[in-house]
Amino acid sequence: MNENTPRGLRWTIRGLSVLLLFLFIWLEGFIVGDIDRMEGPSARAFTEATVEPETRERAQSLQVSISSLEREIARLEELKANRIETRDSANATLNQFKSQYQFAIERNEQPSEALTAALDKAQASFLEASSAFEEANQRIAELQEQIHLARVEAAIAERALQGEQARGDSEYRKAYAAHRFKVAAFKMLVVVPLFLGAAFLTARRKGSMFGPIHRALLVATFWWVGVVMFEHFPKEYFKYIAIGAATLIVLAFLVRSLRNAAKPQDEVLLRRRREAYQAGRCPECAYPIPQETGQPMACASCGSDLFEQCGSCDAVRHALLPNCRSCGTATQRWRGTESTPSLAPNS
Ligand SMILES: [Zn+2]
Ligand SMILES: [Zn+2]
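Reading the values: rules and limits
- Residues numbered from 1 in each chain as written.
- Chains lettered and ligands numbered in written order.
- Predicted model: local features only at pLDDT ≥ 70, side-chain atom pairs only at ≥ 80, totals over all residues.
- Heavy atoms only, no water.
- Phe/Tyr/Trp six-rings, centres within 6.5 Å; stacked < 30°, edge-to-face > 60°.
- Helix = DSSP H or I, 4+ residues; strand = E, 2+ residues; numbered from the N terminus.
- Buried < 20%, exposed > 50% of the residue type's maximum accessible area, 1.4 Å probe, protein only.
- Lys NZ or Arg CZ within 6 Å of the ring centre and 35° of its normal.
- Donors = N, O, S within 2.8 Å, 3.2 Å for Na, K, Ca; no water.
- Salt bridge = Lys/Arg side-chain N within 4 Å of Asp/Glu carboxyl O.

1. Brief notes about the packing of aromatic side chains
- Across all of its chains, the model carries six aromatic pairs by this definition.
- Seen from their ring centres, Phe-195 and Phe-222 are 5.5 Å apart, and the 45° between their planes marks the pair as tilted. Taken together, the residues span a long stretch of sequence, with Phe-195 in helix H4 (residues 113-204) and Phe-222 in helix H5 (residues 211-232) at a distance of 27 residues.
- Using a relative accessible area of 21% as the deciding quantity, one classes Phe-195 as partly exposed.
- Ring pairs connect the aromatic residues Phe-46, Tyr-172 and Tyr-176, which therefore count as one cluster.
- Over the face of the ring belonging to Phe-133 we find Arg-87, whose NZ or CZ atom lies 4.7 Å from the ring centre.

2. Quick notes on the coordination of the zinc ion (ligand 1)
- Around the zinc ion (ligand 1), the protein contributes the donor atoms Cys-282 (SG), Cys-285 (SG), Cys-299 (SG) and Cys-302 (SG), which lie 2.1 to 2.3 Å from the metal centre.
- Along the chain, the residues donating to the zinc ion (ligand 1) fall in the pattern C-x2-C-x13-C-x2-C. Pair noted here: Cys-282 is in the loop between helix H7 (266-278) and strand E1 (297-298) and Cys-299 is in the loop between E1 and strand E2 (305-309), with a separation of 17 residues, a long-range link.

3. Remarks on the pattern of salt bridges
- Evaluated as defined, the whole model comprises 15 salt bridges.
- Across the pair Lys-187 and Asp-36 runs a salt bridge, and its minimum N-O distance is 3.2 Å. Here Lys-187, found in helix H4, pairs with Asp-36, found in helix H1 (residues 7-36); they are 151 residues apart in sequence, far enough to count as distant.
- Across the pair Arg-139 and Glu-142 runs a salt bridge whose closest N-O atoms are separated by 3.1 Å. Of this pair, Arg-139 and Glu-142 both sit in helix H4, separated by three residues, roughly a single helical turn.
- Connected through shared salt-bridge partners, Asp-36, Arg-180, Lys-187 and Glu-231 make up one network.

Structure (structure tokens):
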């Protein structure tokens, strides 16, 4: 693409280059995404490996016995409430018979057999109800003691379990960090060589007609190097890397612009060369050239080649003009000392 390319075609090439850039970014995104999905360590496996089965079983069985004790206590509390009722009603019956008995005694009557028997029976059932109530109460007290001990043991077992789980967690975190490092390394192994390849291609094939393709590839691969670094490098390092890379890019552009500014434009140079040959003076140092003899000739003052043998037709040609006057072959050597060969575009 140069100044002679039609405007429409130039814009088409630019548009397609931008489209190509996005396609390259998209494509590389798939590769990077696939690496990202690499299977990492499982947190569950680590917990299972570090927690002893006995520890877990002990904590669980203590919980089970605590809840069965709780149920048992609740049942006994209900029973106790029933027995209180039974005892109270036995007490009421007993008191009733007692007052009837008292009444008979006060009236100097012999209490009837039946009343005596009923009183004895009421006394017995009151005693029985009382002792049943006491028994339930006793049992509840025992169970409460048991549940207290079980809770203390459960707390100890729970702490042991948590300790083992924490060990598993910290091992898992270490394994996860190692996994992320591996993922980052794999990604860098993909994105960095791609970027370097694109950079090499762009630098080597400078001026090639495929330049826009190389540049799209370069930008896409550079983008992914940046994204991977941003994702995986600690933020405090990334900021230095990002600023460093930006500085390098700006420097590269600046150096190129400075070199272009220092290099005389071909047109200007060509005009100077032509005028010097016409005037019979050395184009490099303006020393007068003797009459041309059809033989290779150098400047007596500065040593520049003025006429030399053509590489194509062996005739003698102007060394500091672009084309051979016999066969028309163009060379890059005509720029002479004003242009270093490394800066001349490859063709
Ligand atoms: Zn000279
Ligand atoms: Zn020639």
